[in-house]
Structures are given as C-alpha cells and as structure tokens.
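Each chain, written out:
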Amino acid sequence: MNRSRQTLLIVAAVLTTAAVFLAVSGGLRTTVGGLRISARSPLPVAVLALVAVAGWIGFAQRARALGSDLDDLFAVVSRRAFLLITVVAIMAALMAAAFATRSVAGADASGYVSEAAMLGRGTLVYVDDLADLRRGFDAYLTSPLGWRPSSETEQVPTYPPGLPLLMAIPHAVAGVDGASAVVVVSAALAVMSTGLIAVRLGGGLAGILASVLLAFTPVFLHQAIQPMSDVPVTAAWTLCFLLLQRGGRSDTLAGIACAAAVLIRPNLAPLAMVPLWMAERRVAFAGPVAVAGLGLAALQQVSYGSPFRSGYGATDELFALSNIVPNAGRYAGWMLATAPLTFVGLLGAFRLRRDARARGMLVFAALVIVAYLVYAVFDDWTYLRFLLPASAMFAAFSAAEMVAWLDRVPAAFRFVAAFLAILGMAATGVATARTRDAFKLADQLARVDQVAAFVRSETPAEAVVVAGEQSGSMRYATGRSIVRWEAATPESFGASLSALDRASRPVVIVLDAFEESLFRARLSAVPAAAL
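Residues numbered from 1 in each chain as written. Predicted model: local features only at pLDDT ≥ 70, side-chain atom pairs only at ≥ 80, totals over all residues. Heavy atoms only, no water.

Engineer: Would you mind going over the packing of aromatic side chains in detail, with residue names and values included?
Structural biologist: On inspection of all chains with the given rule, the structure shows 21 aromatic pairs. An aromatic cluster is built from Phe319, Tyr372, Tyr375, Phe378, Tyr383 and Phe386, whose rings are joined through pairwise contacts. Sitting over the face of the ring of Phe350, Arg353 holds its NZ or CZ atom 4.1 Å from the ring centroid. Taking the ring centre of Tyr126 as reference, the NZ or CZ of Arg475 above it sits at 3.6 Å. (Phe/Tyr/Trp six-rings, centres within 6.5 Å; stacked < 30°, edge-to-face > 60°. Lys NZ or Arg CZ within 6 Å of the ring centre and 35° of its normal.)

Pasting the structure below:
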C-alpha cells in the first residue's frame, strides 16, 4: 500500500474512534499539571475523519486500490498486534487516571488505603483510644468499617494484605493518589495480559479484540477508577496465566503473580491448583505460592485467631448453597445487560477445547464463578466485579470466536468489519458505563473529602466522629476517633456521649443522606441524636 494512503486510512480510523468516544462519553474534562483539558463536541473530529476518508478514497480510486488497501491494512493490524494491544492498555490506564475518584469514600476504599498507611508506618494494629467506651457493649462500637477489634485495646484490618502491601510505598510517597496509581497500573497490566493470552489462543487480531473487550467492560471501567482490589487481582491472575503460556523459567514468575493474587483475594486461593496443574515446572511455580499461603495463614492466626479465618469471618458464615440460585440470576442478568459478548466466550471455549491451555483457563473461570455463586447475595450490578478474573478469560475466548467469524468475511471488507467490531465494543462499553454513572463517581464522592476537610479544620484533634457508612473514610482522612452508630444501642450511645462529654471531647455526627432516617429510628431515645 502507498504510504500516504495508509496514513490517511490510519488517521481516519483514529479520528473516527475519537469522535465516537466523545459522542458516547459526553466528552472529556481533566486537569494535567494545572492545565485544564476539555473536549466535548464530536462534530469537529467527525468532520476531520470524513475529510481523511474522502482523501483516501480519492487517491485509492486513482490507483484502483480500494480493496487491496483495506486488505493490506488488515494484514498490518495483525502484524502489529503487540503495539495495538499496548495502545489499548495505555488507553485503559489513561481513562482510569482521568476519571479516578482518588477518594477513600466507603468501606472498601478506606479499608485498603488505611491498611496501606498502617503498613507504611511498619505496624500491624491500630491502638484504639476509645476502647473504654465499648466495654460491656458491642465490640465494634469504636471500629470503623474496614476494621475489627482484635483485643481490648487494638483493632486490625478486615481486608486481606495483598493490595495494601502493593499500595504501601506509593501511598507513603503520594497519599491517596499514590494508592490509586496502583489500580491504574493494574488496569493496564490486566488489559495487556489478557490481550497477549488471546494472541496465543487465536492470533494477533484476537489479542486486540480481547484487550478491547476487557478494557471497555463497564464493570472494569467502574472499578479501575477506585482504590479497590478487583482490578489488581484480575491483573495478577491474567499475568499468571500469560507467564504460564511461556513455560520454562517463566513458571517461577507465574508463581509470584499467583502468590500476589492469593494475597489480594485469599478466598480464591484454592484456585491456584489450576495454574499449578498447567505449569511445566510445578515446584518452581509452587514455591512463591506456598510462601504467600503460609504468610497469610500466620497473619490470620495473629489477627483473627485462626489461620483459616479471614477478616470477613469464618467460611461457613460467608458461603451457602442457598445463595446459588439468587446469585446465578443476578450475575447472568447483569452480564447480559452490560457485557453480553462475554457469553460468546462459551462458543470460543468450545472451539478451543483441544487446547490444553484454554481448558485450564476455562476450568479456572468456571471455579471463579462457582466461588461467587455460593458467596453472599448482593443487589447492585457493580458486584460483577467479583467475576472480573473470569471475565478476562472469557474475553480471550470471545475474541478467538470472533476472529473465526471475521475469517469468513471477504478479504476486502475484513478490516472494516474488524474495525467496526472493535469500535462497537468500546463505544457500547463506554456508553453503558456512562448510563450507570461510572464517570460521575469522582464528583459524587467528592462530598466525603469536603466533609473530611471541614472536620479537620473546624474541630480539635481530640474530637470524635459518629459515623456509619463513612466511618472508615472519616478516621483515615481526619485522624479523629470513631463511634459507629450502627453498632450502638440507645444505652451504649448515651453512655458514650456522656463519657466523651466528661473528657471534654467534642462530638461530630457525619451521615450519608440514606443513613439519617435509620440513625433517628435507632437512636432517637438519646436526646443528642434527636436533632
């Protein structure tokens, strides 16, 4: 293909992609180094794309090369798969960074980040200066969400240590921004690893399709902008399976990636048997996983009283066969509504049934799904995040199946069909995420940081915050001690307020809007609560 015509086609494709993204996302607004960058209207970009297409058509018609140009470009795309997968991974990271909440709002974010801060200080416990308040009452009265009492005067994190360990140094350097950067990098790594797995299963185009399918899955977009564990654990598992495909000395590195996954999400630790079975050098793979498992067991023994008990509670408290039916309906419905192409992966898995690597990945994905079918039942679509490690595997299977379909398209139209498929997947994912307010999350959570800033500036250091949903974020962001209203009774709450008053410690009540009526109903018998 003539270089000028190839350049026009590539420019047209890039501009078309940009125009579609601006249309479905509502535009981009961010700040880089104090410089505000804003792009809202897709019309100017779409006009430029049309000009580039018209220019290419004009030149190609003169050379009678319309079909051959498209065929040649399709071949270039397949040859440059690694580069294009890298571009998609960078796009995933840029989107995560642009829309990152950089907030510790809620139990999960505050739990992980506050644990990272604790590890950065070289400690394993939080000393509770309000321990006297809970004697004779609920032990959780002074423990914020994300923490639990471990002795009469100490608290330990509820969450596993894997992600906080990864966040500890970045957090020490840059606070919440540093902790959030771990998730941004994990998003790129998960997309890159998934794409390269698919390359080995179905070729270069399959890799590109798989990376796009994962990167623009709505729940992936939603979780990549928050300091939570779902995207990092997906990155660890996909990197593990990618390294296993290389075999040989890479099995040790695969074991390290698997060890990281176990530490981030211990409830999936038994699934390490699948990559162990796939490894060529099983002892080399098992070494890092065994070290991680023993370290985790020791930590759980110290923190929770049993090597088999997590911060969430005992296994029989978390899993039940009665959860299978309600969870199956919820997960299937949410997946169909937000990422229907995932189901194409079932066809892809069948097509790849003779590939031992694909069979191992399918077993792993199925076990991830089973693990969460028996887990607690939730009613929000974002809990699809639990299935992200399985979704990555199915993205690779779906991509392999889609490549088989594209192979049936006439050569002259194959590039157009592939481009439209990629653009359609990305645009649909962004549009769905937008309708579910993923890109408004940072603005919605800004209220928590604003309240925390107010509490820090307007109350003395010895003040105490009464909170529920934001109890973890308030303690992390303000440094104030916490009383949990959901763990209080009128008796314990009244006694706590009296004790704090005698100690001359001011009390501030911080509630989310949905908590106000619940707070009043629970504690209205206490005069101070009947505001």
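Engineer: I'd like a description of the layout of surface pockets, backed by residues and values.
Structural biologist: Approximately 1,300 Å³ is the volume found for the second largest pocket. Considering the residues around the second largest pocket, the lining is formed by 44 residues, among which Val14, Thr17, Phe21, Val87 and Met91 are closest to the centre. Broken down by secondary-structure element, the contributors of at least two residues to the lining of the second largest pocket are helix H1 (3–25), strand S1 (28–32), helix H3 (66–79), helix H4 (81–99), helix H7 (204–215) and helix H18 (411–435). Among the elements that take part in the lining of the second largest pocket, H4 stands out by supplying ten residues, more than any other. Its residues placed into classes, the lining of the second largest pocket shows 35 nonpolar, six polar and three charged. (1 Å grid on protein atoms, 1.4 Å probe; cavity = no way out; pocket = protein on both sides within 12 Å on 5 of 7 lines; lining within 4 Å. Points joined across faces, edges and corners; volume = space filled by probe spheres on them. Helix = DSSP H or I, 4+ residues; strand = E, 2+ residues; numbered from the N terminus. Nonpolar A, V, L, I, M, F, W, Y, C, P; charged D, E, K, R; others polar.)

Engineer: Can you explain the sheet that holds strand S5 (residues 154–157)? Please cite residues and give values.
Structural biologist: Within the open sheet, the three strands sit side by side as S3-S5-S4. Their pairing is antiparallel. Across the chains shown, the open sheet's two edge strands, defined by having one partner strand only, are strand S3 (126–127) and strand S4 (147–149). Relative to S5, S4 runs antiparallel, the two being bridged by three bridges. If you follow Pro149 over to S5, its bridge partner there is Gln155. (Pairing = 2+ DSSP bridges.)

Engineer: Could you give an account of the sheet that holds strand S6 (residues 464–467), naming the residues involved and the relevant values?
Structural biologist: Ordered by their spatial adjacency, three strands build an open sheet running S7-S6-S8, and the pairing between neighbours is parallel. Of all the strands in the sheet, just strand S7 (481–484) and strand S8 (507–510) have a single pairing partner and so form its edges. Within the sheet, the average angular offset between the axes of one strand and its neighbour, ignoring direction, is 30 degrees. Inspection of the sheet shows S6 paired to S8 by four bridges, in the parallel sense. Opposite Ala467, over in S8, you have Val510 as the bridge partner. (Axes fitted to C-alpha atoms, helices over the stretch in contact; angles between N-to-C directions.)

Engineer: How would you explain the pairing of S7 if you had to name every residue and give the values?
Structural biologist: Burial along S7 is two-sided: the face carrying Ser481 and Val483 and the face carrying Ile482 and Arg484 are both buried. Where S6 meets S7, four bridges bridge the pair, whose relative direction is parallel. Each residue of the ladder has a partner; that of Val464, found in S7, is Ser481. Crossover handedness for the path S6 to helix H20 (residues 471–478) to S7: right-handed. (Buried < 20%, exposed > 50% of the residue type's maximum accessible area, 1.4 Å probe, protein only. Right-handed = clockwise from strand over helix to strand, strands pointing away.)

Engineer: So what's going on with the environment of Ala461? Residues and values would help.
Structural biologist: For Ala461, the location among the structural elements is in the loop between helix H19 (441–458) and S6. Ala461 gets classed as exposed once you look at its relative accessible area, which sits at 57%.

Engineer: Give a description of the pattern of salt bridges that names residues and reports values.
Structural biologist: All told, the structure shown has 16 salt bridges when counted by the stated rule. The residue Asp69 makes a salt bridge to Arg5 at a minimum N-O spacing of 2.6 Å. Of this pair, Asp69 sits in helix H3 while Arg5 is found in helix H1, placing the two residues 64 residues apart along the sequence. This pair shows no difference in class: Asp69 is buried, exactly as Arg5 is. (Salt bridge = Lys/Arg side-chain N within 4 Å of Asp/Glu carboxyl O.)

Engineer: Help me get a handle on the packing of H1 against H18, residues and values and all.
Structural biologist: Viewed as axis vectors pointing N to C, H1 and H18 meet at an angle of 20 degrees, and their least axial separation amounts to 9 Å. Judged by the angle between their axes, H1 and H18 are roughly parallel. Regarding H1 and H18, the two cross each other, and that crossing is right-handed. Taken together, the residues of H18 that come into contact with H1 (itself represented by Ala13, Thr16, Thr17, Val20, Phe21, Ala23, Val24 and Ser25) are Phe419, Leu423, Ala426, Ala427, Val430, Ala431 and Arg434. When its residues are assigned to classes, the contact of H1 with H18 shows eleven nonpolar, three polar and one charged. (Parallel < 35°, antiparallel > 145°, perpendicular 65-115°, else oblique. Left-handed = near helix turned anticlockwise from the far one by under 90°. Contact = heavy atoms within 4.5 Å.)

Engineer: How would you explain the nonpolar core if you had to name every residue and give the values?
Structural biologist: Met167, Trp237, Phe241, Tyr372 and Phe397 are the most contacted members of the largest nonpolar core, which totals 139 residues. The dominant element in this core, judged by the number of residues it contributes, is helix H6 (residues 162–202), at 16 residues. Each residue touching Trp237, except ones within four places of it in the same chain, is listed here: Cys258, Ala261, Leu268, Leu271, Ala272, Pro275, Phe364 and Pro389. (Core = buried A, V, L, I, M, F, W, Y, C linked by side-chain atoms within 4.5 Å.)

Engineer: Please give an account of the environment of Tyr304 that cites residues and values.
Structural biologist: By the secondary structure assignment, Tyr304 is in helix H12 (residues 282–304). Through-space distance from the C-alpha of Tyr304 to that of Val156 is 8.5 Å; in sequence the pair is 148 residues apart. Setting aside its immediate chain neighbours within four residues, Tyr304 contacts Arg148, Val156, Pro157, Thr158, Tyr159, Arg309, Ser310 and Gly311.

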